[in-house]
Amino acid sequence: MCDCLTICPCWVGQPPDDGRCTGAFGWAIDEGSIGTLDTAGRCVVSVSYHEGHRDAGGQEVFVFVDDGASPEQFDALVRVFTGGAGGPLGELAPLMGRLRTASRAPIELTSIGNNLSVTVGRVIRGDAAMLVGPDGKTTELRHGRLSAVLGDRAEVGRSSTFRIDLGPQLAVEVRGRAAMRGAFSYEFRGT
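Notes on the structure follow. Computed from a predicted structure; not experimentally measured.

### Some points on the pattern of salt bridges
- Throughout the structure, instances matching the rule amount to five salt bridges.
- Residue R20 pairs with D3 through a salt bridge whose shortest N-O separation is 3.0 Å. Note that R20 is positioned in strand β1 (residues 20-28) and D3 in the segment before β1, a separation of 17 residues in sequence.
- Its salt-bridge partner being R42, residue D66 comes within 2.9 Å of it at the nearest N-O pair. Remark: R42 occurs in the loop between β3 (37-38) and β4 (43-51) and D66 occurs in strand β5 (residues 59-66); sequence separation between them is 24 residues. Taken individually, D66 and R42 each receive the classification buried, so the pair is uniform in this respect.

### So, the nonpolar core
- Residues V45, V47, F64, V120 and I124 are the most contacted members of the largest nonpolar core, which totals 22 residues.
- For this core, the secondary structure elements donating two or more residues are β4, β5, β8 (115-120), β9 (124-130), β11 (153-165) and β12 (171-174).
- Residues in contact with V120, not counting those within four places in the same chain, are V45, F64, A105, P106 and I107.

### Some points on unusual backbone geometry
- In this structure, I7 follows T6 across a cis peptide bond, with omega equal to -5°.
- Relative to the helices and strands, I7 resides in the segment before β1.
- You will see that D18, though not glycine, has its phi angle at about 60°, which is positive.
- By the element assignment, D18 lies in the segment before β1.
- The class for D18 is exposed, based on a relative accessible area of 61%.

### Comments concerning the environment of L131
- Summarising the element assignment, L131 is placed in the loop between β9 and β10 (140-142).
- Relative accessible area serves as the criterion here: at 24%, L131 is assigned to the partly exposed category.
- Sequence separation of L131 and I7 is 124 residues, and the distance between their C-alpha atoms is 11 Å.
- Excluding its chain neighbours within four sequence positions, the residues that come into contact with L131 are T6, K137, T138, T139, V156, G157 and R158.

### What about the pairing of β4?
- Across the nine residues that make up β4, a large majority, seven, are buried.
- Sheet analysis places β1 next to β4, joined by nine bridges and oriented antiparallel. Along β4, the bridge assignment pairs R20 with E51.
- With six bridges connecting them, β4 and β5 associate as antiparallel partners.

### What about the side chain of S48?
- By secondary structure assignment, the location of S48 is in strand β4.
- Residue class for S48 comes out buried when judged on its relative accessible area of 7%.
- At a separation of 3.5 Å, a polar atom in the side chain of S48 contacts the side chain of Q59.
- What S48 contacts, discounting residues up to four positions off in sequence, is C21, T22, G23, F25, Q59, E60 and V61.

Criteria and cut-off values
- Residues numbered from 1 in each chain as written.
- Predicted model: local features only at pLDDT ≥ 70, side-chain atom pairs only at ≥ 80, totals over all residues.
- Heavy atoms only, no water.
- Salt bridge = Lys/Arg side-chain N within 4 Å of Asp/Glu carboxyl O.
- Helix = DSSP H or I, 4+ residues; strand = E, 2+ residues; numbered from the N terminus.
- Buried < 20%, exposed > 50% of the residue type's maximum accessible area, 1.4 Å probe, protein only.
- Core = buried A, V, L, I, M, F, W, Y, C linked by side-chain atoms within 4.5 Å.
- Contact = heavy atoms within 4.5 Å.
- Pairing = 2+ DSSP bridges.
- Polar contact = N/O pair within 3.5 Å; in protein donor to acceptor, adjacent residues only side chain to side chain.

This is a description of form; function is not addressed.
Laid out in structure tokens, this is it:
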């Protein structure tokens, strides 16, 4: 979810609405590992803020890993989801201007029917519904700029609520803005 209008311009390689974007990306890991470290069942939420086109870099990033993660899982997940481990998410590294914080938090990511929600402690709350076309199917975006990083089929939605309150560092509260959802599969065996 982000504070841009539907469809999020970053998904299609355009600069954000109003010249800036605040967004939250959530990953619920059903199965997976980083090296020999099992990461199944973990959740990660990345909040980013940037002005201008996202490819210009300079994002302010806040990463949250669910509070059930072991210290080893926490370190590995932060490294991967900030692009530091290379591979499919390696694209995130040059976009990052500054990792403001990496912390643990209770995270709830749910996706039921056409609805999705994200909650990170008391600092992030978002609810959205996917848009449905005249044929009754969920509206999809394929071949977008972010498809390789965030899934090759994104479902397009609109938030009913989207709030981030990270104190004076970053705060936003909007309704009726962009929401996207999709499945992902990453594989990287190193260089």
